[in-house]
Amino acid sequence: MIHWQVIIPLFVFLVIIFIIGFWANRHVRNSNSFLQEYFLGGREMGGFLLAMTMMATYGSASSFIGGPGVSYNLGLGWVLLAMAQLPAGYFVLMILGKKFAIISRRYEAITLIDFLKKRYDSNVVVFISALSIIVFLFASMTAQWVGGARLIESLTGLNYIVALLIFAVTVLVYVIIGGFRAVALTDALQGTIMIIGTVILLIGTILAGGGIDNIMGSLLNENPQMLTPFGSDGSLTPLYVSTFWILIGLGVIGLPQIAVRAMSYKDSNSLHKAILIGTVGIGTIMFGMHLIGVLARPVMPGIEIADKVMPTLTLEVLPPVLAGIVLAAPMAAIMSTVNALLMLVSSTVVKDVYLNFINPEATDKQIKNRSFWVTTIIGLAVVLLSLSPPDLLIMLNLFAFGGLESAFLWAVVFGLYWSKANKYGAISSMIVGLVLYIAIYQLAPNVFGMHSVTIPVLASLVTFVSVSLATQHKTALNNTNL
Amino acid sequence: MNDKRFKIANREARIGVVLVIINFAIWYGFAYGLGNGDPSEYEYIFGFPAWFFYSCIAGTIFMIILIWVAIKVFFKDVSFQDGEDEK
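Participant: Got a minute to help me understand the overall build of chain B in this structure?
Facilitator: Regarding its fold elements, chain B presents 2 helices and 2 strands. Across chain B, helices and strands are ordered from the amino to the carboxyl terminus as α-β-β-α. Taking 12 Å as the expected radius of gyration for a compact globule of 87 residues, we find that chain B reaches 19 Å, considerably beyond that expectation. Taken over the C-alpha atoms alone, chain B extends approximately 65 × 20 × 15 Å along its principal axes. Buried residues in chain B amount to 46% of all 87 residues. The contacts of chain B with a sequence gap of at least 6 include a subset with a gap of at least 24, amounting to 63%. Accessible surface for chain B amounts to roughly 5,000 Å². Of this, 63% is attributable to carbon and sulfur atoms. Measuring between centres, the 8 positive side-chain charges of chain B sit 13 Å from its 10 negative side-chain charges.

Participant: How should I be thinking about the environment of Ser270 of chain A in this particular structure?
Facilitator: Residues and elements named next belong to chain A. Position of Ser270 relative to the elements: it lies in helix H13 (residues 268–299). For Ser270, the contacting residues outside a window of four places in its chain are Met45, Gly46, Gly47, Leu50 and Tyr265. A distance of 2.6 Å separates the side chain of Ser270 from the side chain of Asp267, its partner in a polar contact.

Participant: It is not clear to me how the nonpolar core should be interpreted in this structure. Could you clarify?
Facilitator: One recurring pattern in soluble globular proteins: nonpolar side chains tend to sit buried together. If you look at the biggest cluster of nonpolar residues, it comprises 205 residues, and the most contacted ones within it are Tyr90, Phe115, Met141 and Trp145 of chain A together with Phe52 of chain B. Of the residues forming this core, the biggest block, 20 residues, is contributed by helix H9 (residues 160–208) of chain A. In contact with Phe115 of chain A, other than residues within four places in its own chain, are Phe100, Ile103, Tyr107, Ala109, Met263, Val412, Gly415 and Leu416 of chain A.

Participant: Please clarify how the packing of H9 of chain A against H13 of chain A should be interpreted in this entry.
Facilitator: A pair of packed helices is captured by two measures, namely the crossing angle of their axes and the spacing between those axes. All names here are of chain A. H13 packs onto H9 with a crossing angle of 30 degrees between their chain directions and a minimal axis gap of 9 Å. Our classification of the angle between H9 and H13 gives roughly parallel. Of the two possible hands of crossing, H9 and H13 adopt the one that is left-handed. Across the interface between the two elements, Met194, Ile195, Thr198, Val199, Leu201, Leu202, Thr205, Ile206 and Ala208 of H9 pack against Gly281, Thr284, Ile285, Gly288, Met289, Leu291, Ile292, Leu295, Ala296 and Val299 of H13.

Participant: Where do I start with the confidence of the model for chain B in this structure?
Facilitator: Caution is warranted with low-pLDDT regions, since their predicted coordinates should not be read in detail. In the predicted model, chain B carries a mean pLDDT of 91, and the fraction of residues at 70 or more is 93%. In the model output, the complex is listed with pTM 0.91 alongside ipTM 0.93.

Participant: Would you explain the environment of Met335 of chain A in this entry?
Facilitator: Residues and elements named next belong to chain A. One can find Met335 in helix H15 (residues 320–358). Sequence separation between Met335 and Thr57 is 278 residues, and the spatial gap between their C-alpha atoms is 8.7 Å. Those residues in contact with Met335, other than ones at most four positions away along the chain, are Phe13, Leu14, Ile17, Phe167, Thr170, Val171, Tyr174 and Gln190.

Participant: What am I meant to see in the pattern of salt bridges here?
Facilitator: Close approach of charged atoms lets side chains of opposite charge pair. Residues and elements named next belong to chain A. Tallying each qualifying case throughout the model produces 10 salt bridges over all chains. A salt bridge links Arg261 to Asp187, with the nearest nitrogen and oxygen atoms 3.8 Å apart. Remark: Asp187 occurs in helix H9 and Arg261 occurs in the loop between helix H12 (256–259) and H13; sequence separation between them is 74 residues. There is no split in this pair, since Arg261 and Asp187 are both buried.

Participant: How should I be thinking about the interface of chain A and chain B in this particular structure?
Facilitator: Put simply, an interface is often sized by how much accessible area is lost when its parts join up. On the chain B side, the residues contacting the 50 residues of chain A number 47 residues. Summing both partners gives a buried area of about 4,300 Å² for chain A against chain B, and 75% of it is carried by carbon and sulfur. In this structure, the connection of chain A to chain B is made through 3 salt bridges. For Arg106 of chain A, the salt bridge identified is with Asp3 of chain B, shortest N-O distance 3.5 Å.

Participant: I would appreciate a short explanation of the packing of aromatic side chains in the present structure.
Facilitator: Two numbers describe a pair of aromatic rings. These are the distance of the centres and the angle of the planes. Scanning all chains against the criterion turns up 30 aromatic pairs over all chains. Above the ring of Phe6 of chain B, the side-chain terminus of Lys99 of chain A is found at 4.7 Å from the ring centroid. When the ring centre of Tyr424 of chain A is taken as origin, the NZ or CZ atom of Lys474 of chain A, which lies over that ring, is 5.2 Å away.

Participant: Is there a simple way to explain unusual backbone geometry in this structure?
Facilitator: The phi torsion at Asp121 of chain A lies on the positive side, around 50 degrees, for a residue other than glycine. Its location among the elements puts Asp121 of chain A in the loop between helix H7 (112–120) and helix H8 (123–156). Of the residues examined, Asp121 of chain A reaches a relative accessible area of 54% and is grouped as exposed. A positive phi angle, near 50 degrees, is found at Phe46 of chain B, a position not held by glycine. Note on placement: Phe46 of chain B falls in the loop between strand S1 (44–45) and strand S2 (48–49). Under the relative-accessibility criterion, Phe46 of chain B is labelled exposed at 66%.

Participant: What should I look at first to understand the side chain of Asn356 of chain A in this one?
Facilitator: Summarising the element assignment, Asn356 of chain A is placed in helix H15. Not counting the four nearest positions on each side in its chain, Asn356 of chain A is found in contact with Lys117, Val126 and Lys351 of chain A.

Participant: Teacher, can you tell me more about a nonpolar patch on the surface here?
Facilitator: Side chains of Ile61, Ile65, Trp68, Val69, Val73 and Phe74 of chain B sit close together on the surface and give an oily, nonpolar patch of about 550 Å² of accessible area. When you line up the elements, Val69 of chain B lands in helix H2 (residues 50–74).

Participant: Teacher, can you tell me more about the packing of H9 of chain A against H15 of chain A here?
Facilitator: Residues and elements named next belong to chain A. Contact geometry for H9 and H15: axes closest at 6 Å, N-to-C directions at 140 degrees. When the axis of H9 is compared with that of H15, the two are oblique. As H9 runs across H15, the sense of the crossing is left-handed.

What counts as what
- Residues numbered from 1 in each chain as written.
- Chains lettered and ligands numbered in written order.
- Predicted model: local features only at pLDDT ≥ 70, side-chain atom pairs only at ≥ 80, totals over all residues.
- Heavy atoms only, no water.
- Helix = DSSP H or I, 4+ residues; strand = E, 2+ residues; numbered from the N terminus.
- Rg over C-alpha atoms; globule rule 2.2 N^0.38 Å.
- Buried < 20%, exposed > 50% of the residue type's maximum accessible area, 1.4 Å probe, protein only.
- Contact = heavy atoms within 4.5 Å.
- Areas by Shrake-Rupley, 256 points an atom, 1.4 Å probe, with all protein chains shown as cover.
- Lys, Arg positive; Asp, Glu negative; His and termini not counted.
- Charge placed at Lys NZ, Arg CZ, Asp CG, Glu CD.
- Polar contact = N/O pair within 3.5 Å; in protein donor to acceptor, adjacent residues only side chain to side chain.
- Core = buried A, V, L, I, M, F, W, Y, C linked by side-chain atoms within 4.5 Å.
- Axes fitted to C-alpha atoms, helices over the stretch in contact; angles between N-to-C directions.
- Parallel < 35°, antiparallel > 145°, perpendicular 65-115°, else oblique.
- Left-handed = near helix turned anticlockwise from the far one by under 90°.
- pLDDT = per-residue confidence, 0-100.
- Salt bridge = Lys/Arg side-chain N within 4 Å of Asp/Glu carboxyl O.
- Buried area = accessible area lost by both parts, 1.4 Å probe.
- Phe/Tyr/Trp six-rings, centres within 6.5 Å; stacked < 30°, edge-to-face > 60°.
- Lys NZ or Arg CZ within 6 Å of the ring centre and 35° of its normal.
- Patch = residues over 30% accessible without salt bridge, like charges linked within 9 Å, V, L, I, M, F, W, Y side chains within 5 Å.

Right under this line is the structure:
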């Protein structure tokens with residue numbers, strides 16, 4: 001079934017995004033520092049842009065589609081868990097904060113790996129970092145991409161391949177020609193749509209359910225456990241839920257796609273504004289969308305496929321034009337995540353692999369050329385992989401999350417704040433974190449009732465500190481002005 | 001090495017850690033402190049179970065206000081370029 005009232009707002013949204021891409025391309029063509037412009041938008045972001053691009057990059061398909069679906073089945077306990085994401089709004093920017101901004105300018109770092117390379121002075125660090133970014137974020141990008149295509153498919157009735165192509169063409173064109181500036185500007189639009197969409201749908205659902213009292217009453221009748229912090233099946237133990245603070249709150253510092261944004265803003269004032277706006281934005285979206293999932297249950301009982309809860313609910317409780325705007329929100333969330341990942345993987349290949357290992361002497365023209373081509377090829381590769389899509393959307397996404405956090409968190413934090421941190425500590429902690437995470441995830445997920453990421457993050461912390469201390473004599477404090 | 005700006009940055013990072021600890025305490029304390037009992041005996045505030053209202057709604061609003069105050073009171077403007085600050 002084709003819903004025109006839904007398609008028209010989506011179409012308008014895509015057109016605006018295209019225009020932004022072409023506008024940003026003028027900056028890319030006129031810039032005298034191509035790498036900094038293309039991959040960091042010239043470090044000119046203000047507070048609102050920074051907040052929006054952080055929030056939109058962070059908020060993905062799982063916030064709008066997967067998450068509400070889980071809430072629908074587990075109840076208020078899952079909303080509680082989702083609120084562990086609030087620190088992603090302020091903690092990340094406060095920790096990376098001014099120090100990262102100053103140091104990355106001093107090092108003239110364009111990517112997170114640039115920073116690590118100069119800080120630890122080690123090609124092994126560069127290699128492990130580049131490899132894990134490319135592998136994990138490629139997987140994560142594919143998952144988001146599939147989510148985007150599926151969403152278009154379910155909204156428009158087009159078949160999967162056509163939907164995939166529409167999504168791919170839109171994203172690829174504006175990212176390739178506009179670079180980071182286009183990504184950040186479209187993120188601002190997408191982030192705004194995400195917030196507005198959440199608020200509209202929340203109000204619509206409460207009205208459709210006859211008020212909160214009424215909805216809570218129905219839930220209590222159906223299964224009182226829905227109203228507890230422990231989940232409808234009692235599976236959400238305090239320990240398990242608490243460990244999500246590491247995965248989706250504190251550990252977010254270690255996500256390269258987030259960290260790179262913390263080197264792209266203009267001044268202190270932008271940072272201060274972004275912390276506040278970002279926290280309000282993330283709070284609104286995470287609280288709103290997950291609560292909507294719970295409230296949807298009495299309003300629309302019996303939805304079997306969790307991922308269909310949000311789209312079905314929207315079409316049911318909202319008038320068509322509003323539904324179109326709200327359904328642009330998950331689309332926006334997916335695009336704004338995908339575009340950041342594409343930019344990041346591309347910058348890793350160009351700056352950290354090509355310029356570092358293959359051709360350090362590349363001319364400006366070569367770099368420009370390679371950047372466009374690499375971005376295009378990676379984009380097309382993702383499209384090809386998305387043709388036979390893997391299933392578990394959230395799972396893949398969280399896999400990448402946990403893997404990157406285990407690898408990068410301590411290397412970044414100690415790199416900034418601990419002068420004794422050295423390359424031996426960094427390398428060993430990255431390896432321990434990555435290997436342990438993959439092993440636990442595969443062999444004993446959620447071991448000891450904690451999320452799989454907990455032990456790898458703690459183990460890489462211990463490894464980092466002990467190895468750095470034990471090898472102090474080897475690195476006569478390489479003077480990085482920390 | 002003894003860049004003044006880094007002192008400011010370190011202090012702000014510590015404030016971030018303190019805020020996150022407060023956030024966690026509010027979130028955990030209200031959720032499991034008030035939510036432990038039998039759901040049929042829950043108190044309700046604005047239609048929500050009390051634990052949920054305090055932990056997820058009031059707690060979040062409180063954190064946002066606290067963050068706003070922390071930024072206004074403690075966060076300082078510094079230049080990000082080297083060499084501009086040494087007046």
